[in-house]
Amino acid sequence: RLSLIGTLAGLLSACTGTDLAPPSEQTQSLPAGLSGGPEQAVRASFRAKGRGAEADSLRSESEVASRGTTHVRMEQVREGLRVHGAFVKAGVSGRGEVVYSSDRLARPNGHIPRAPALERDVLAAVLAELGDQPEDLGAETGTDGNTTRFARGSVFHRDPTVERIAFVDDNGAARAGFLVETWSVKHTQHDHTHLDGRGNIVSVERRTANDSNLVFTNEPSKGPHTT
């Protein structure tokens, strides 16, 4: 058998005039317009649906590859403001095909007027809502893009921040607002507070929580439940 295989290989080599080489792995090129990778594939899928303005407002947040599919998460940015709560989640195959997609985006609605409230006043409103004292409000320590920081002092684990954002209103349009992050030492409470452009609190998201359960601290036959 080995002799026969060797003979056949020799005949093939003689016919082609070249040495036999191992087969190369075949690659599938991405469809036209999708060669930029998963992020561009997602944008192209939005444009194909007539949602070009939304496609242009997307910014990649993360990409994770798993079993031949790249899972993409993107956020929306309007007029330089991150749109709080807006997102796209999609899966893109190795051929550049969007195999699943879900989104919550602000629809195009023209210019977004600047929020009139001031960062310091916004943070003061949040502290009052969360039960902190006005004197807990530290001095402004700096600004990075749309985010302003305030001194944490001995009250907070890290500097409280006030970020100017956009958010999706009940009609699906983008409006200017604020997102405040605080993490108190007293209650070990980490909060993200969303406010509208005038400094009115829209919602508070608790990032830490306390809970209790009944457990056995020893074998069940040797002791009762303990909280």
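Please read these numbers as outputs of a predicted model, since none were measured by experiment. (Residues numbered from 1 in each chain as written. Predicted model: local features only at pLDDT ≥ 70, side-chain atom pairs only at ≥ 80, totals over all residues. Heavy atoms only, no water.)

1. Thoughts on the environment of Ser184
Tracing the sequence through the fold places Ser184 in the loop between strand S9 (174–183) and strand S10 (190–196). Note: C-alpha distance between Ser184 and Phe156 (28 residues apart in sequence) is 4.3 Å. Beyond its immediate chain neighbours, meaning those up to four positions away, Ser184 contacts Val155, Phe156, His157 and Gln189. (Helix = DSSP H or I, 4+ residues; strand = E, 2+ residues; numbered from the N terminus. Contact = heavy atoms within 4.5 Å.)

2. Some remarks on the environment of Arg104
Inspection of the secondary structure puts Arg104 in strand S5 (residues 98–104). Sequence separation between Arg104 and Val88 is 16 residues; the distance between their C-alpha atoms is 6.6 Å. With near-sequence residues (within four places) excluded, Arg104 lies in contact with Gly85, Ala86, Phe87 and Val168. Looking at Arg104, its side chain comes within polar contact range of the main-chain oxygen of Gly85, at 3.3 Å. (Polar contact = N/O pair within 3.5 Å; in protein donor to acceptor, adjacent residues only side chain to side chain.)

3. Thoughts on the environment of Ala44
Tracing the sequence through the fold places Ala44 in helix H2 (residues 38–48). Classification of Ala44 as partly exposed rests on a relative accessible area of 23%. Sequence separation of Ala44 and Asp56 is 12 residues, and the distance between their C-alpha atoms is 9.9 Å. (Buried < 20%, exposed > 50% of the residue type's maximum accessible area, 1.4 Å probe, protein only.)

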